[in-house]
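The primary structure of each chain is shown beneath.
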Amino acid sequence: MCLGIPMQIVAIDRYVATCEAQGVRRDVSLFMIADTDLAVGDYVMVHVGYALQKMTHQDARTVWDLLDQIVAAGAA
């Protein structure tokens, strides 16, 4: 199973963005979406170190809510 994680861009240096999600920061390659207009504060879907697509804040929040529900169901 593949899992993409929504992350917020906190810094951009050419084709690498520093992204954050729930207090965790990672350097993420922007190479696969290099033609997308990105800025600090934007959200991207990240899989194995690559940003796959830009997403809205609401879409990112929805994914995080669903992931929280999955974790809670597994703990029950």
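Residues numbered from 1 in each chain as written. Predicted model: local features only at pLDDT ≥ 70, side-chain atom pairs only at ≥ 80, totals over all residues. Heavy atoms only, no water.

Observations concerning a nonpolar patch on the surface
A grouping of Tyr 15, Val 16, Phe 31, Met 32, Val 48, Tyr 50 and Leu 52 is seen on the molecular surface, where their side chains present a nonpolar patch of about 730 Å² in accessible area. With respect to the helices, strands and loops of the structure, Tyr 15 is situated in the loop between strand 1 (5-13) and strand 2 (16-21). Judged by its relative accessible area of 44%, Tyr 15 falls in the partly exposed class. (Patch = residues over 30% accessible without salt bridge, like charges linked within 9 Å, V, L, I, M, F, W, Y side chains within 5 Å. Areas by Shrake-Rupley, 256 points an atom, 1.4 Å probe, with all protein chains shown as cover. Salt bridge = Lys/Arg side-chain N within 4 Å of Asp/Glu carboxyl O. Helix = DSSP H or I, 4+ residues; strand = E, 2+ residues; numbered from the N terminus. Buried < 20%, exposed > 50% of the residue type's maximum accessible area, 1.4 Å probe, protein only.)

Thoughts on the side chain of Asp 42
Tracing the sequence through the fold places Asp 42 in the loop between strand 3 (24-29) and strand 4 (43-47). Relative accessible area serves as the criterion here: at 18%, Asp 42 is assigned to the buried category. Among the polar contacts made by the side chain of Asp 42, one reaches the main-chain amide nitrogen of Ala 39 at a distance of 2.7 Å. The contacts of Asp 42, once residues within four sequence positions are left out, are Met 7, Gln 8, Ile 9, Asp 37 and Lys 54. (Polar contact = N/O pair within 3.5 Å; in protein donor to acceptor, adjacent residues only side chain to side chain. Contact = heavy atoms within 4.5 Å.)

Some remarks on the packing of aromatic side chains
The geometry of an aromatic ring pair is captured by two quantities: the separation of the ring centres and the angle between the planes. Across all of its chains, the model carries one aromatic pair by this definition. When the centroid spacing of 6.4 Å and the interplanar angle of 70 degrees are considered together, the rings of Tyr 15 and Phe 31 count as edge-to-face. Residue Tyr 15 is found in the loop between strand 1 and strand 2, and its partner Phe 31 is found in the loop between strand 3 and strand 4; the two are separated by 16 residues along the sequence. (Phe/Tyr/Trp six-rings, centres within 6.5 Å; stacked < 30°, edge-to-face > 60°.)

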